[in-house]
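Residue-level structure breakdown
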Amino acid sequence: MRILEHKLFRYSAIAACSVIVASGCVLDRSPILPGWATLEPMEYCAGDTLRASYDLLRSDTCPAGVDCSPFLPNVTISSGSGEFSPTPFRAYAGNVGFTPAGDASTVTFDIDRDNVLIPTDRFEGGNRVFLQRTNLRDTTLTARRITGARETTHMHPGMCSGASPVNAPAELPGPPRTSANLRLTGLCNANGVPVNVTLSGGAPGVVYSQDLMPGECIDTGMPGVPAGVDASRMVEIRPLIGDPSTRCTATGPNNPPPTLRTLARMACR
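These numbers come from a predicted model, not from an experiment. (Residues numbered from 1 in each chain as written. Predicted model: local features only at pLDDT ≥ 70, side-chain atom pairs only at ≥ 80, totals over all residues. Heavy atoms only, no water.)

Points about the overall build of the protein chain
- In terms of regular secondary structure, the protein chain is built from 1 helix and 21 strands.
- Relative to a compact globule of 269 residues, whose C-alpha radius of gyration would be 18 Å, the protein chain shows 25 Å and is clearly more extended.
- The principal-axis extents of the C-alpha atoms in the protein chain amount to approximately 70 × 55 × 35 Å.
- Sequence-distant contacts, at least 24 apart, represent 68% of the contacts inside the protein chain between residues at least 6 apart. (Helix = DSSP H or I, 4+ residues; strand = E, 2+ residues; numbered from the N terminus. Rg over C-alpha atoms; globule rule 2.2 N^0.38 Å. Contact = heavy atoms within 4.5 Å.)

Structure, rendered in structure tokens:
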């Protein structure tokens, strides 16, 4: 039955686009990844504004001079916990901003069709490209409030960059999935050797480096640590004492350096 529905939609899509474009059209079945609806951030701090949105266009647009209204879907965004009234859209994209009231917030996106056709301003071989968004389903998403402090261990695998031994950076939780108000309160050296760590990727232009002995931590609230370091999202690390078994050459064979670990402590601020 589902295969038959897809075939019928394909034929009706071709017929619909031929009404608009006398010379025919090209169907682009680009999938919506990871999904057609989003709720951000999925992990929020108290007082955050969440945004429930859907976007079937992505990088495309409905072109000037083409009436897209016959193809527009009807979508209703509603809150399972009553934070906002059901909001209807007749559009390829729409969004609702709201502040969650409790420890979790559930949002439902109801769409009135499985397939959506979108005329675009792209052409192939003289034919207008129509996007064919298929297998669309009603979607329910749940965001949850971050409570208390959070500790996470981050791995920094060793590798050879040409003839240089290096350890991979690690990314701390952050937007769009996690609240921008989840801040770094401390970063610890979880290795048996002294290391140098560099924090960056948060406040514009703020980069901070510090040497840490085994078990030693950076406290982002201590005097001497620049403001904005707590917003860092990237951790780079290098050992201050090289492992004697490490071998990195431009041509190989190589023996990469050992994996290093850091422990991040984060909390809502």
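From this point, the discussion proceeds with the structure in view.
Examining the state of the cysteines
- Following the criterion strictly, the structure yields 4 disulfides and no others.
- Disulfide pairing is shown between cysteine 160 and cysteine 248; the S-S distance is 2.0 Å. Taking the sign of the S-S torsion, about -70° here, the bridge from cysteine 160 to cysteine 248 comes out left-handed. Of this pair, cysteine 160 sits in strand E13 (residues 158-161) while cysteine 248 sits in the loop between strand E20 (234-239) and strand E21 (260-268), and the two are 88 residues apart along the sequence.
- Residue classification places cysteine 160 among the partly exposed positions, given a relative accessible area of 25%.
- One disulfide in the model links cysteine 188 with cysteine 217; its S-S distance is 2.0 Å. (Disulfide = S-S within 2.5 Å. Buried < 20%, exposed > 50% of the residue type's maximum accessible area, 1.4 Å probe, protein only.)

A word on the nonpolar core
- Of all hydrophobic cores here, the largest spans 34 residues; its most connected members are Trp36, Leu39, Tyr54, Ile77, Tyr92, Val107 and Phe109.
- Contacts of tyrosine 92, omitting those with residues within four sequence positions, involve Tyr54, Asp55, Leu56, Leu57, Cys68, Phe71, Leu72, Pro73, Val116, Leu117, Ile118 and Pro119. (Core = buried A, V, L, I, M, F, W, Y, C linked by side-chain atoms within 4.5 Å.)

Comments concerning the pairing of strand E9 (residues 116-124)
- Relative to strand E10 (residues 127-133), E9 is paired through 6 bridges, and the arrangement is antiparallel. Bridged to glutamate 124 within E10 is asparagine 127.
- Hairpin geometry of E9 and E10 is characterised by an intervening segment of 2 residues between the two adjacent antiparallel strands and by a positive phi of about 60° at glycine 125. (Pairing = 2+ DSSP bridges.)

A closer look at the environment of alanine 52
- Of note, alanine 52 is situated in strand E4 (residues 50-55).
- You can call alanine 52 buried: its relative accessible area is 0%.
- For alanine 52 and glycine 97, which are 45 residues apart along the polypeptide, the C-alpha to C-alpha distance reads 6.4 Å.
- Filtering out sequence-adjacent residues up to four positions away, alanine 52 remains in contact with Thr38, Leu39, Ile77, Gly94, Asn95, Val96, Phe98, Val107 and Phe109.

Observations regarding the pairing of strand E1 (residues 25-28)
- Burial of the side chains of E1 is restricted to one face: Cys25 and Leu27 are buried, whereas none of Val26 and Asp28 on the reverse face is.
- As paired elements, E1 and E10 share 4 bridges and run parallel to each other. In the sheet register, valine 26 faces E10, and the bridge partner there is valine 129.

Notes on the sheet that holds E4
- As summarised here, the arrangement of the 3 strands in space is E2-E4-E7, forming an open sheet in which the pairing is antiparallel. A strand with exactly one partner marks an edge of an open sheet, and here the two such strands are strand E2 (37-40) and strand E7 (93-98). If you compare each strand with its neighbour and ignore which way they point, the axes differ by 10° on average.
- In the sheet, E2 pairs with E4 via 4 bridges, with the strands oriented antiparallel. Following the sheet pairing, glutamate 40 is matched in E4 by arginine 51. (Axes fitted to C-alpha atoms, helices over the stretch in contact; angles between N-to-C directions.)

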